[in-house]
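Summary of the model geometry
Here is how the chains run, residue by residue.
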Amino acid sequence: MKLIQELEIINWLKAQPKNHLLTLGLSVLWLCLLAWLAFFCNLGNIGLIDETEPLFAEAARQMVETGDWITPYFNGETRFDKPPLIYWLMAIAYHIFGINEWSVRLPSAISATCLVCFGFYVLYKYGNYHLSNQEFIPKNKSLIVKLLIAWIGAAMIALNPETIAWGRIGVSDMLLTGCMCSALFAFFIGYASQADNTNNDRIPQVNYPQKPKNQQQKNSKILREKVSSLANKNQLSIGTKNPKINRWYLAFYILISLAVLAKGPIGIVLPALIIGSFLLYVGKFVQIWQEINILRGSLIFFTITLPWYSLVTLVNGKEYIDSFFGYHNFERFTKVVNHHGAPWYFYFLVVLIGFAPWSIYLPIAIAKTKFWQLRYWRNKPRNEQLSLFAFFWFICIFIFFSVSATKLPSYVLPLMPAAAILIGLFWSNIIINRDLVPSPSQTNEIANNSTSTFNTSNNSVKPVAKFKRNNSKLISHFLSASIVANIIFLVILAIGIIFSFNWLDRDPAMPYFPELIRESGLLTRGGLILITAAIVVGFILIKKQTSWIWSTNFIGLVACLIFTINPMMFLVDQERQLPLRQLAKTIVEVRQPSEEIVMISFEKPSLVFYTQQQVEFFRRATNAREYLEKVVQKDSSGNVVMIGYPKKFIHVGLEPGQYQYLDSRGAYQLGKVPKNMFLKKQ
């Protein structure tokens, strides 16, 4: 392997293939590096992001404060949007690390990290079966090959815009993805490692002679011995079937139960759809239904999920059922909720941008699975079906949410690991087989062996060889077209980033942000990084060194993350969220216990979290005026703490001299208003 041989650390590993401690150490370092880059770097250094993240953070804080771990609350009202697992984990983090942004986001970062590690293990164990020339891998290189596949796949699971974004924010989406996708990984490991019960899983039996006719045909002899030994193992496993449930199936049941506690029925609906369609396709549905011990699995599932769902229903009754199951699950699928509608092609764009730059290679990676060849896949051993399983994983989620009426970018987050597996296996094959392709003499010898072994006439060999050559040419052309598309895509992204300040909406909360982001030079820096990556990819294509293209995209993405995205997030926080945190601190200092807090503008839940007080939110000044007039009728003494855009104070009917000015930060103004200012004139 030319690429591998140029890495000194890999040469060191190759010299010590039996040193499993070294293998483990290098893998742990790689996974830690990925987790730090993607999820943990500056995790708590940016304030909570309105409007969703503070809802989760405050509901968890309320659990800690009130001791009620059954019914979630936000701002004095029940919050039935999501089940409690995310709140419980945040509350535990609060107890250990204190109430802060790092604790809020820790469950998401850990979930994403565990998912990456699980994906690494699955690819290490089963990824090498998808190499087109796996029979030519020398024993002293097999460990390196398996590690390289796992390292590439894990990097793609971690480092894509969608996973990075939701792995660093305190909402339930990454927790659901971590639990549900890990459950799918656990199922596949159990499926691939379980003893065979049907002839479909056996390696096809070929009537090889007992002894080779030609002792010089070593490759053919080795191949026959491997087939014979594997077949004997399968027959032995059939006779010693273990009635106990596979431990990986047990992990699958536990993880889907946690997924249901993380976000509701979708945590079991999607895995059931993916696994069911996959098993029906490979013709093993009935067999696996018996194998996974569904009764025991159901007992595990209901033992974990039923207690909380029963308790919250007993406490809140029909209100909970209508809100959670009716509105937040059924209606979100059948109707557009909260104006989150989108056209049918919405998720094509989400996957294209959310899985950039790898998404360009999804069509060829999917085509390489040959998912349309039913007989081919049904004759494959289970441990060689990872790419097909990833295909069903990807396509089922994509279609499910494309059909859904309500559409949000986070909905397709659980398909990103499947996309990473498909493209990771594709690129691993390209990189590794660069040096594993046999020499012409080896090819001729193998062809001769195959001919003598199977008694195949020259007339039948030639069409097969011709078909393989044509197929290789087609794949080569498809790959070249994908690389060209990669270059074009990087250039378009670069241009879009450089000039994006012209298209940024004028957010009233940060009116000067477009000018600030342009003056910072971050957009130009990001665009130049992507243009440089595009130029390098073009140079590599010209030189026909395609195995380096994955590395170029990887380095470009990491450079953008470090030098553009992270600094940009600090700038957004400084302009959008910091003013609210500063005013919240002022409110805590000057507010009297009996004084209400009223915010007139867009609803900013972070104000509730940082003041740890209930806030009345109004988007219209007239609605705020009507509310305050009712409050004054009950008690006209004291003041109201009011925060909003300066013009909102005028719209509510106040002149500058009629209230106490306290502070101004960013687009917001803070003041104390005497309640009697809202008395209706008789």
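Residues numbered from 1 in each chain as written. Predicted model: local features only at pLDDT ≥ 70, side-chain atom pairs only at ≥ 80, totals over all residues. Heavy atoms only, no water.

1. Notes on the overall build of the protein chain
A tally of regular secondary structure across the protein chain gives 28 helices and seven strands. Counting the 682 residues in the protein chain, one finds 50% classified as buried. Taking contacts inside the protein chain between residues at least 6 apart in sequence as the whole, the part at least 24 apart equals 79%. Carbon and sulfur atoms form 61% of the exposed surface of the protein chain, whose accessible area is close to 32600 Å². (Helix = DSSP H or I, 4+ residues; strand = E, 2+ residues; numbered from the N terminus. Buried < 20%, exposed > 50% of the residue type's maximum accessible area, 1.4 Å probe, protein only. Contact = heavy atoms within 4.5 Å. Areas by Shrake-Rupley, 256 points an atom, 1.4 Å probe, with all protein chains shown as cover.)

2. Here's the deal with the nonpolar core
Across soluble globular proteins, you tend to see nonpolar side chains buried next to one another. Membership of the largest hydrophobic core comes to 158 residues, with the highest contact counts inside it found for Leu-159, Phe-187, Tyr-361 and Trp-393. Ranked by residue count, the leading element in this core is helix H9 (residues 173-193), at 15 residues. Other than its neighbours up to four places away in sequence, Phe-187 contacts Tyr-249, Phe-252, Ile-275, Leu-279, Ile-288, Ile-292 and Phe-389. Of all hydrophobic cores here, the second largest spans 19 residues; its members include Leu-583, Leu-607, Ala-667 and Leu-670. (Core = buried A, V, L, I, M, F, W, Y, C linked by side-chain atoms within 4.5 Å.)

3. Quick look at the packing of helix H6 (residues 101-126) against H9
Where H6 meets H9, the closest approach of the two axes is 8 Å, and the angle between their N-to-C directions is 20°. Accordingly, the angle class assigned to the pair H6 and H9 is roughly parallel. As for the relative orientation of H6 and H9, their crossing is left-handed in sense. Residues Ser-108, Ser-111, Ala-112, Leu-115, Phe-118, Gly-119, Tyr-121, Val-122 and Tyr-126 of H6 form the contact with H9, whose own contacting residues are Met-174, Leu-175, Thr-177, Gly-178, Cys-181, Ser-182, Phe-185, Ala-186, Phe-188, Ile-189, Ala-192 and Ser-193. (Axes fitted to C-alpha atoms, helices over the stretch in contact; angles between N-to-C directions. Parallel < 35°, antiparallel > 145°, perpendicular 65-115°, else oblique. Left-handed = near helix turned anticlockwise from the far one by under 90°.)

4. As for the pairing of strand E5 (residues 639-644)
The buried count for E5 comes to five of six residues, which makes it a mostly enclosed element. Examined bridge by bridge, strand E3 (residues 596-600) and E5 share five bridges and lie parallel to one another. Within E5, the position partnered with Met-599 by the bridge is Ile-643. Relative to strand E7 (residues 668-674), E5 is paired through six bridges, and the arrangement is antiparallel. Residue pairing for E7: Val-640 is matched across the bridge by Val-673. (Pairing = 2+ DSSP bridges.)

5. Notes on the pairing of strand E6 (residues 660-665)
When a strand is regular, its side chains alternate between the sheet's two faces. By the bridge criterion, five bridges tie E6 to E7 in an arrangement that is antiparallel. By the bridge assignment, Arg-665 is partnered in E7 with Tyr-668.

6. A few points about a nonpolar patch on the surface
A cluster of nonpolar side chains, contributed by Leu-89, Ile-92, Ile-96, Phe-97 and Trp-102, occupies part of the molecular surface with about 450 Å² of accessible area. The leading source of residues in the nonpolar patch is helix H5 (residues 85-97), at four residues. Structurally, Leu-89 is set in helix H5. Note on Leu-89: relative accessible area 31%, which makes it partly exposed. (Patch = residues over 30% accessible without salt bridge, like charges linked within 9 Å, V, L, I, M, F, W, Y side chains within 5 Å. Salt bridge = Lys/Arg side-chain N within 4 Å of Asp/Glu carboxyl O.)

7. A short note on the environment of Thr-546
Tracing the backbone shows Thr-546 in the loop between helix H24 (522-543) and helix H25 (549-590). Beyond its immediate sequence surroundings of up to four residues, Thr-546 is in contact with Trp-427, Ile-430, Ile-483 and Ile-540.

8. Thoughts on the environment of Leu-34
Its location among the elements puts Leu-34 in helix H3 (residues 20-40). C-alpha separation for the pair Leu-34 and Met-156, spaced 122 residues apart in sequence, amounts to 9.6 Å. Once residues lying within four places of it in the same chain are set aside, the contact partners of Leu-34 are Phe-39, Val-116, Ala-154, Ala-155, Ala-158, Leu-159 and Phe-554.

9. Regarding the sheet that holds E5
Across the sheet, which stays open at both edges, the five strands sit in the order E4-E3-E5-E7-E6 with mixed pairing between neighbours. The strands lining the two open edges of the sheet, one partner per strand, are strand E4 (615-618) and E6. Direction aside, neighbouring strands of the sheet carry axes that sit 20° apart on average. In this structure, E3 lies alongside E4, joined through four bridges in parallel fashion. Note on E4: the bridge partner recorded for Ile-600 is Phe-618. Where H25 meets the sheet, its contacts fall on E3, E5, E6 and E7, and the angle it forms with E7 comes to roughly 25°. Each of E3, E4 and E5 touches helix H27 (residues 621-634); the most contacted strand, E3, lies at about 160° to it.

10. Details of the side chain of Arg-105
The topology assignment puts Arg-105 in helix H6. Given a relative accessible area of 2%, Arg-105 falls into the buried group. A distance of 2.8 Å separates the side chain of Arg-105 from the backbone oxygen of Gly-47, its partner in a polar contact. The contacts of Arg-105, once residues within four sequence positions are left out, are Leu-43, Gly-44, Ile-46, Gly-47, Leu-48, Ile-49, Glu-53, Arg-168, Ile-169 and Gly-170. (Polar contact = N/O pair within 3.5 Å; in protein donor to acceptor, adjacent residues only side chain to side chain.)

11. Details of the environment of Ser-27
Residue placement: Ser-27 occurs in helix H3. The spacing of Ser-27 and Phe-120 is 93 residues in sequence and 8.9 Å in space, taken between C-alpha atoms. Apart from the residues within four sequence positions on either side, Ser-27 is in contact with Phe-120, Leu-147 and Trp-151.

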